Amino acid sequence: MDFTFTEEQLAAAEAARGVFAGVAPDAVPSPALTTGAVSEHFDRELWDRLAQADLLSLLLGEEYGGAGLDAIALCLVLRESAKVLARVPLLEHSAALATVQRYGSAELRDRLAARAGRGEPVLTVAASGRTGHDPAELAVTARRDGGAWVLDGVQTAVPWVYDVALVVVPARTEADRSVLALVAPGGEGAEGSGSAGVTVAEQVSTSGERLGELRLESARVAARDVVAADGAWEWLRELLVTGTCALALGLGERVLRMTGEYAGKREQFGHPIATFQAVAVQAADRYIDLRAMEATLWQAAWRIASGASGALPAAGDVAVAKIWAADGVRRVVQTAQHLHGGFGADTEYALHRYHAWAKQIELALGGAGVHEEALGDLLAAHPLG
């Protein structure tokens, strides 16, 4: 394995650091002090800056105005976004757009790719299923009816659904195949009224962000807005999970840095607590967690980007990355809270916000246990050696 980044990938990361440099993680009310969502909308000003920096079209080909980069570049940018708790649908939008480019029809690509690469329309993905614990593609059924598809079912915890024009919804056909339907939810961000038979019920995430339960009752979607290619949903889900691992890594790195800075200044018995062996050992353990999260992340991103074969399908590397990301980010924020003492729960200090985001990321698209089970199934189906 060679984890050396290309000049183009490093340039994307550098551009992201520039865009995120002025973002304050406490720009919205604390989720600990808010009964509902911390904000009605995502950070539109930041979204526009990302579009101007060409960071929304990283994965698009040059023919659509993009940079033609890969999942590794996207994860580098997502890593930077998590350090400041950037409140934008960067992962969902980028992954949905990349999937349309890779698997969508020429007509759909031409109609959507270039515009979405400039930030409008905004896309998101319904990837949590009916309950958040079941496969998303089984939560909605899809059947052909003339020149349209008819969708029925429920997808929970759809991120940013009130601000987007289109939601990519995985669904299962009568032939037991997965398709991806682009559904207009009809929220504030939609380009017009929502699709008939589509309603959204408000939900609030652990991090305080506004989510929505997407309900589909005989919702009709034109065939031109459905991606029916084999493997499209599986590829999209693997990219989403890997991007979530990048968010966990960036957040964990920022939290460990915050902890180091605090421990270096906080004194007990006349000495900084960072000099105490018990503190240093805990911090060292969390550093090891982060390095394992990093190695498994880049392995998964590289498998997606390169399409290289391995002893297991790429889904195996993605599962390993999410296991480390989920467990690792939880341990990092728990240790940070412990070493900060009561100060870590102070709502005027940002650490509690990172803790809330970490819990959301840990469980998003399945916690460690879910992916351990998936990895076991892959090992059973593909015996090693």
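Criteria and thresholds
- Residues numbered from 1 in each chain as written.
- Predicted model: local features only at pLDDT ≥ 70, side-chain atom pairs only at ≥ 80, totals over all residues.
- Heavy atoms only, no water.
- Salt bridge = Lys/Arg side-chain N within 4 Å of Asp/Glu carboxyl O.
- Helix = DSSP H or I, 4+ residues; strand = E, 2+ residues; numbered from the N terminus.
- Buried < 20%, exposed > 50% of the residue type's maximum accessible area, 1.4 Å probe, protein only.
- Expected span 1.5 Å × (residues − 1).
- Contact = heavy atoms within 4.5 Å.
- Polar contact = N/O pair within 3.5 Å; in protein donor to acceptor, adjacent residues only side chain to side chain.
- 1 Å grid on protein atoms, 1.4 Å probe; cavity = no way out; pocket = protein on both sides within 12 Å on 5 of 7 lines; lining within 4 Å.
- Points joined across faces, edges and corners; volume = space filled by probe spheres on them.
- Nonpolar A, V, L, I, M, F, W, Y, C, P; charged D, E, K, R; others polar.
- Disulfide = S-S within 2.5 Å.
- Pairing = 2+ DSSP bridges.
- Core = buried A, V, L, I, M, F, W, Y, C linked by side-chain atoms within 4.5 Å.
- pLDDT = per-residue confidence, 0-100.
- Arc of directions from axis to C-beta.

1. Considerations on the pattern of salt bridges
- A complete count under the given rule lists 26 salt bridges for this structure.
- Glu253 serves as the salt-bridge partner of Lys83, at 3.9 Å between the closest nitrogen and oxygen. Taken together, the residues span a long stretch of sequence, with Lys83 in helix H3 (residues 71-83) and Glu253 in helix H6 (residues 232-265) at a distance of 170 residues.
- In this structure Glu253 comes out as buried when scored by relative accessible area, which is 15%.
- The partner of Glu294 in a salt bridge is Arg291, with the nearest N and O atoms 2.9 Å apart. Linking Glu294 with Arg291, this pair stays in helix H7 (residues 277-306), spanning 3 residues, or about one helical turn.
- Residue Glu294 is classed as buried on the basis of its relative accessible area of 18%.
- Accessibility expressed as a relative area gives 26% for Arg291, which makes it partly exposed.
- Connected via shared salt-bridge partners are Glu14, Arg17, Arg79, Glu80, Lys83, Glu253, Arg291 and Glu294.

2. Considering H3
- Taking 1.5 Å of rise per residue, 13 residues should cover 18 Å, and H3 covers 19 Å from first to last C-alpha, within 8% of that figure.
- With 12 of its 13 residues buried, H3 lies for the most part within the structure.
- Those residues of H3 not exposed but buried are Ala71, Ile72, Ala73, Leu74, Cys75, Leu76, Val77, Leu78, Arg79, Glu80, Ser81 and Ala82.
- Taken together, the buried residues of H3 touch helix H1 (7-20), helix H4 (90-103), H6, H7 and helix H9 (351-363).
- Two or three places before Ile72, at the opening of H3, Asp70 has a side-chain oxygen 3.2 Å from that residue's backbone nitrogen.
- Just downstream of H3 lies Leu85, where phi reads positive at about 55°.

3. A word on empty space enclosed by the protein
- Scanning the entire structure with this criterion turns up 3 cavities of 30 Å³ or more.
- Taken as a whole, the largest cavity holds about 50 Å³ of empty space.
- As for the largest cavity, its lining consists of Ser39, Glu40, His41, Phe42, Arg87, Trp160, Val161, Tyr162, Asp163, Glu209 and Arg210.
- Class assignment for the residues of the lining of the largest cavity results in 4 nonpolar, 2 polar and 5 charged.

4. Considerations on the side chain of Ser30
- Here Ser30 shows up in the loop between H1 and helix H2 (44-52).
- At a separation of 3.0 Å, a polar atom in the side chain of Ser30 contacts the main-chain amide nitrogen of Ala32.
- Setting aside its immediate chain neighbours within four residues, Ser30 contacts Val38, Thr347, His352 and Arg353.

5. Comments concerning the environment of Gly328
- Along the chain, Gly328 falls in helix H8 (residues 314-340).
- We classify Gly328 as buried; its relative accessible area is 0%.
- Between the C-alpha atom of Gly328 and that of Arg210, which follows or precedes it by 118 residues, the distance is 26 Å.

6. A closer look at the state of the cysteines
- Under the criterion given, the structure shown has 0 disulfides.
- Here Cys75 is not cross-linked by a disulfide; its sulfur's nearest cysteine counterpart is in Cys245, at 8.0 Å.

7. With respect to the pairing of strand S2 (residues 140-145)
- Across 6 bridges, the pairing between S2 and strand S3 (residues 148-159) is antiparallel. Bridge pairing in S3 links Asp145 to Ala148.
- The loop that links S2 with its antiparallel partner S3 comprises 2 residues; one of these, Gly146, has a positive phi angle of about 65°.

8. Details of the pairing of strand S7 (residues 210-222)
- Bridge count for S3 against S7 is 9 bridges, and the pairing is antiparallel. Looking at the pairing, Pro159 lines up with Leu211 of S7.
- Where strand S6 (residues 198-204) lies against S7, 7 bridges are found, and the strand directions are antiparallel. If you follow Gln203 over to S7, its bridge partner there is Leu211.

9. Description of the side chain of Ser81
- Positionally, Ser81 belongs in helix H3.
- Take Ser81: its relative accessible area is 6%, and that puts it in the buried class.
- Excluding its chain neighbours within four sequence positions, the residues that come into contact with Ser81 are Phe20, Ala86 and Leu247.

10. Remarks on the nonpolar core
- Ranked by internal contacts, the top residues of the largest apolar core, which has 114 residues, are Phe20, Leu50, Leu151, Leu216 and Leu251.
- Here this core takes 16 residues from H6, the largest share from any one element.
- Residue contacts for Leu50: discarding those within four places in its chain leaves Val19, Phe20, Leu55, Leu56 and Val88.
- One finds Ala319, Ile323, Ala326 and Leu375 within the second-largest nonpolar core, a separate group that totals 6 residues.

11. So, the confidence of the model for the protein
- Overall, the predicted model of the protein reaches an average pLDDT of 94, with 97% of residues at or above 70.
- Residue range residues 187-193 is modelled with pLDDT below 50. Its contacts to residues more than four positions away, or to other chains, number 16 contacts.

12. A word on H2
- Among all positions in H2, only Leu46, Trp47, Leu50 and Ala51 are buried. Down the axis, H2 shows its buried residues gathered within 145° of arc, on one side only. Exposed side chains of H2 directed beyond 90 degrees from the buried face belong to Glu45 and Gln52.
- Taken together, the buried residues of H2 touch H1 and H4.
- Sitting at the head of H2, Asp43 places a side-chain oxygen 3.3 Å from the backbone nitrogen of Glu45.
- Phi for Asp54, located one or two positions after H2, is positive at around 60°.

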